[in-house]
Amino acid sequence: MINRLAERFDHVVLTQDWHPSNHLSFASEHPGKKPYESILVEYGPQILWPDHCVQATRGAEFHKDLRVPHAGLVLRKGIHRKIDSYSTFYENDRKTPTGLVGYLRDRGFTRVFLAGLAFDFCVRYSAEDARREGFAVVVVEDACRGIDIEGSMAATRESLEKLGVVRITTEAVD
Ligand SMILES: [Zn+2]
């Protein structure tokens, strides 16, 4: 679905979680903690995840069937051990930039379409940050999948609605 969707766009950015093996978002780094529990870190609450997307391992690779050869940028996020990054624009302190805002502005883009994983975390935070930065934002909802921790799907829809993020399905993209 993402392949077909991406074909309809001239400009595509791919993002990739790219964590050090001892990343603070990994439950395995916190003795006694389990995945999907929340802890308090310097920048606020952080949900703990199973180990995933460790730098330069197979787990960090794109899905083997993803074909977006015309993508102009691959942005790696979550590269610092002590801070997670759901959003593709800012890390989880909501202040440390990834540089993507500058990239998009320099290229003259004013609207972004978002799709991928996970709807209620990375897509949500990216959409919120993009709105905050003044971009028009469209989330292609059937090209996303969510996790749904403690009502996070419903909270995401509510937040996006409030911020004026448009939600569509792939058939609406022509
Ligand atoms: Zn991650």
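Our next topic: the coordination of the zinc ion. Around the zinc ion, the protein contributes the donor atoms Asp-17 (OD), His-19 (NE2) and His-52 (NE2), which lie 2.0 to 2.1 Å from the metal centre. Sequence spacing of the donor residues for the zinc ion, all on one chain, is D-x1-H-x32-H. The buried category is assigned to His-19, whose relative accessible area is 0%.

Turning to the layout of surface pockets, a few remarks are in order. Each pocket or cavity is described by its volume, and for the second largest pocket that value is around 340 Å³. Along the walls of the second largest pocket sit 17 residues, with Ser-38, Ile-47, Tyr-86, Phe-121 and Tyr-125 positioned nearest its centre. Contributions of two or more residues to the lining of the second largest pocket are made by strand S3 (44-47) and helix H3 (119-132). Among the residues making up the lining of the second largest pocket, the classes are represented as eight nonpolar, five polar and four charged.

What follows covers the side chain of Asp-84. With respect to the helices and strands, the residue Asp-84 is situated in the loop between strand S4 (73-77) and helix H2 (100-106). For the buried Asp-84, no salt bridge is present, and the opposite-charge side chain at shortest range is Lys-77, 6.4 Å distant. Excluding residues that lie within four positions of it along the chain, Asp-84 makes contacts with His-19, His-23, Leu-24, Ser-25, Tyr-43, Gln-46, Trp-49, Glu-91 and Asn-92.

Within this structure, the stated rule accounts for 12 salt bridges. Among the salt bridges present, the one from Lys-77 reaches Asp-17, with a minimum N-O distance of 2.7 Å. Of this pair, Lys-77 sits in strand S4 while Asp-17 sits in strand S1 (residues 13-17), placing them 60 residues apart in sequence. By the burial criterion, Lys-77 is buried, and Asp-17 matches it. The partner of Lys-64 in a salt bridge is Asp-65, and the shortest N-O contact between them spans 3.3 Å. Overall, the relative accessible area of 63% leaves Lys-64 in the exposed class.

Cut-offs used in this document
Residues numbered from 1 in each chain as written. Predicted model: local features only at pLDDT ≥ 70, side-chain atom pairs only at ≥ 80, totals over all residues. Heavy atoms only, no water. Donors = N, O, S within 2.8 Å, 3.2 Å for Na, K, Ca; no water. Buried < 20%, exposed > 50% of the residue type's maximum accessible area, 1.4 Å probe, protein only. 1 Å grid on protein atoms, 1.4 Å probe; cavity = no way out; pocket = protein on both sides within 12 Å on 5 of 7 lines; lining within 4 Å. Points joined across faces, edges and corners; volume = space filled by probe spheres on them. Helix = DSSP H or I, 4+ residues; strand = E, 2+ residues; numbered from the N terminus. Nonpolar A, V, L, I, M, F, W, Y, C, P; charged D, E, K, R; others polar. Lys, Arg positive; Asp, Glu negative; His and termini not counted. Salt bridge = Lys/Arg side-chain N within 4 Å of Asp/Glu carboxyl O. Contact = heavy atoms within 4.5 Å.

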